[in-house]
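# Structural overview
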Amino acid sequence: MELPTPPPPPPPANGSSRKRKSSSAGGLGDLHDDMLERVLARLPPSSYSRLRAVCRRWRAAAASPTFLHACARVPSRDPWFLMLSAASGPAVSFDAAESAWTRTRSAAAAAAPGNSVPVAASGGLVLYRAPATGALSVTNPLTGASRALPSPPPPPNHHQLLAVAMYGAAPYRVAIFTGDLPDLSMAVFDSSTNSWSAPMPLARRMPNDASCPAAAAGDDDDDGTVYFLSKSGDVVSTNMQRSASKQYSSAVVPSPAGAAAVAYFLSNSGTVVACDTARREYSELPRILPVYSEYSVDVVACGGAAYAVVLAEYLDTASLRVWEFAGAGAGEWRQVAAMPPAMSHGFRGRRADINCVGHGDRLMVCVSSGDGGGCFMCDVVTNRWEELAEHVDGDGEVSEFLAAFSFEPRVEITV
């Protein structure tokens, strides 16, 4: 039996068509405080200094401890690169997420007694050192909070400082390496105890020893890696001078616990020295290029691996290549990335110097010379290169950056 079709509804009395009543969607003002803090925690870090000026409620949320906990639950953030130049002025960073230049509050730490300069970074913190006194301080460039560290112990036998390394976040550690081959030593600061260890000597291991850092590079018991570069002596042309802040700089790949590391630096003869801080030993790795070659080199950490970046001239062109040391029996350097020749050829004849820093899979190369320079970003995994846009200061002048330090912008990180 077929059911009858129901009649259509009667038209409205005023003759207009029927409309569905819509309800307005709630805005951020309708959110509970906990949910609002979670939303604000997901904003780009560059907006943290501005959100306090939006309204009283946002200003109160930004000052709440639960807001900091919400920020801590954000698993990771794209890095910022704290840029260093010969000219004084406000601290400038490159925001990798926004691909834009931004200011930081690092100038507060740089104004510390002794005209401190950055020498290392880890997580969301940057380590500063006063060249005149050797005093160390830690700052969060995003918030401007800073803290002076206790004075490090005097090095044994009047050793000269080779490098300063920083690794971990909470707690973080600072390692200073002193001496001259074959007599090397180190001392480590632990923020959880606010104290330094006594200087510890490093024993020498041969590169083919299975227990040396180079041979154990792929071992599951590897405690992590720190890479740093001292003055490179005959490797770099005598008229080239590295940025003062890069003289003792470091790049770190921490262990899961963040308590130990293997450190790499260049000796005066141009060899790479690997220092295992857990085993307290070191070894020399093979040369990348012959001793008579003239090139600029830096050591960097990306994605949990060590790389040497080399800018060299060969025949009628210049090349910029990234090398990784293949340990665990191979005992040789292998190329993993190279700047396109159309980009690197511009460095030919300019006697340029390079300073590099890594974060995740990103590698930044700052090239400087008497004829100017530039900053380049490389994805080590895909070998994709790009030149960063120029930064123009308040006077309309193009900034020339000599080096950079990478950090993860996190407002919740304390010093």
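Each remark here, short or long, concerns the structure printed above.
Residues numbered from 1 in each chain as written. Predicted model: local features only at pLDDT ≥ 70, side-chain atom pairs only at ≥ 80, totals over all residues. Heavy atoms only, no water.

### Observations concerning the overall build of the chain
- Across its full length, the chain carries 6 helices and 26 strands.
- Looking at the chain as a whole, 48% of its 415 residues are labelled buried.
- Summarising the internal contacts of the chain: among those between residues at least 6 apart in sequence, 55% fall at separations of at least 24.
- For the chain, the exposed surface amounts to about 20700 Å²; the carbon and sulfur share of it is 52%. (Helix = DSSP H or I, 4+ residues; strand = E, 2+ residues; numbered from the N terminus. Buried < 20%, exposed > 50% of the residue type's maximum accessible area, 1.4 Å probe, protein only. Contact = heavy atoms within 4.5 Å. Areas by Shrake-Rupley, 256 points an atom, 1.4 Å probe, with all protein chains shown as cover.)

### Quick look at helix α1 (residues 33-41)
- When we look at burial in α1, the residues that qualify are L36, E37, L40 and A41. Projected down its long axis, α1 shows its buried positions confined to an angular sector of 135°, all on one face.
- In the core, the buried residues of α1 are packed alongside α2 (48-51), α3 (56-62) and α4 (65-72). (Arc of directions from axis to C-beta.)

### Remarks on the nonpolar core
- If you look at the biggest cluster of nonpolar residues, it comprises 23 residues, and the most contacted ones within it are L40, Y48, F67, C71, L82, V126 and V411.
- Elements with a contribution of two residues or more to this core: α1, α2, α3, α4, β1 (80-85), β5 (125-129) and β26 (401-407).
- When neighbours within four sequence positions are excluded, Y48 is seen to be in contact with L40, A41, L43, F67, C71, R77, L142 and V411.
- Counting residues in hydrophobic clusters, the runner-up holds 22 residues, among them C302, A352, V367 and C378. (Core = buried A, V, L, I, M, F, W, Y, C linked by side-chain atoms within 4.5 Å.)

### Let's talk about the sheet that holds β1
- The antiparallel open sheet is built from 4 strands, whose spatial order is β3-β2-β1-β26. With one partner strand each, in any of the chains shown, β3 (100-103) and β26 form the two edges of the open sheet. In this sheet, neighbouring strand axes are inclined to one another by 35° on average, regardless of whether the strands run parallel or antiparallel.
- Judged from the 6 bridges that link them, β1 and β26 form a sheet pairing that is antiparallel. Counterpart to M83 in the pairing with β26 is A404. (Pairing = 2+ DSSP bridges. Axes fitted to C-alpha atoms, helices over the stretch in contact; angles between N-to-C directions.)

### Structural notes on the environment of L162
- Structurally, L162 can be placed in strand β8 (residues 161-168).
- For L162, a relative accessible area of 10% corresponds to the buried category.
- Distance from L162 to Q247, taken between C-alpha atoms, is 8.2 Å for residues 85 residues apart in sequence.

### As for the environment of A338
- Mapped onto the secondary structure, A338 falls in strand β21 (residues 332-338).
- Separated by 45 residues in the primary sequence, A338 and N383 have C-alpha atoms spaced 6.9 Å apart.
- Aside from chain neighbours lying at most four places away, what touches A338 is L320, R321, N383 and W385.

### Here's the deal with the pattern of salt bridges
- Per the stated rule, a full pass over the model turns up 9 salt bridges.
- R57 is the salt-bridge partner of D33, the closest N and O atoms lying 2.7 Å from each other. Taken together, the residues D33 in helix α1 and R57 in helix α3 connect sequence positions 24 residues apart.
- Take D33: its relative accessible area is 43%, and that puts it in the partly exposed class.
- In this structure, E412 and R410 form a salt bridge, with 2.5 Å as the shortest nitrogen-oxygen distance.
- Exposure remark for E412: the relative accessible area of 15% places this residue in the buried category.
- The exposure class of R410 is buried, given its relative accessible area of 8%.
- What emerges from the salt-bridge pattern is a single network uniting E408, R410 and E412. (Salt bridge = Lys/Arg side-chain N within 4 Å of Asp/Glu carboxyl O.)

### Observations concerning the pairing of strand β22 (residues 353-359)
- A large share of β22 lies buried, amounting to 6 of its 7 residues.
- One ladder, built from 7 bridges, connects β22 with strand β23 (residues 362-368); its direction is antiparallel. When the bridges of β23 are listed, G358 appears paired with L363.
- Connecting the antiparallel pair β22 and β23 is a turn made up of 2 residues, with G360 showing a positive phi of about 60°.

### Description of the packing of aromatic side chains
- Per the stated rule, a full pass over the model turns up 7 aromatic pairs.
- With 5.7 Å between their ring centres and 85° between their planes, F347 and F376 make a pair best called edge-to-face. Separated by 29 residues along the polypeptide, F347 in the loop between α6 (341-344) and β22 and F376 in strand β24 (residues 374-379) bring together distant segments of the chain. (Phe/Tyr/Trp six-rings, centres within 6.5 Å; stacked < 30°, edge-to-face > 60°.)

### What to know about the sheet that holds β21
- Taken together, the 4 strands give an open sheet; going across it, the order is β18-β19-β20-β21, and neighbouring strands pair in antiparallel fashion. Unpaired on one side and paired on the other, β18 (295-302) and β21 mark the two borders of the sheet. In this sheet, adjacent strand axes meet at a mean angle of 35° when their direction is disregarded.
- For strand β19 (residues 305-314) and strand β20 (residues 317-326), the ladder comprises 7 bridges, and the chain directions are antiparallel. Counterpart to L311 in the pairing with β20 is L320.

### Focus on unusual backbone geometry
- Here the residue pair L181 and P182 is connected by a cis peptide bond, since its omega of 5° sits within 30 degrees of zero.
- One non-glycine residue with positive phi stands out, namely N194, at about 55°.
- As for its placement among the helices and strands, N194 is situated in the loop between β10 (183-190) and β11 (195-196).
- In this model, R280 sits at a positive phi of 60°, which is unusual for a non-glycine residue.

### With respect to α4
- Along α4, the residues that are buried comprise F67, A70 and C71. Viewed end-on, α4 has its buried residues packed into an arc of 100°, placing them on one side of the element. Those residues of α4 that are exposed and aimed more than 90 degrees away from the buried face are P65 and H69.
- For α4, the secondary structure elements touched by its buried residues are α1, α2 and α3.

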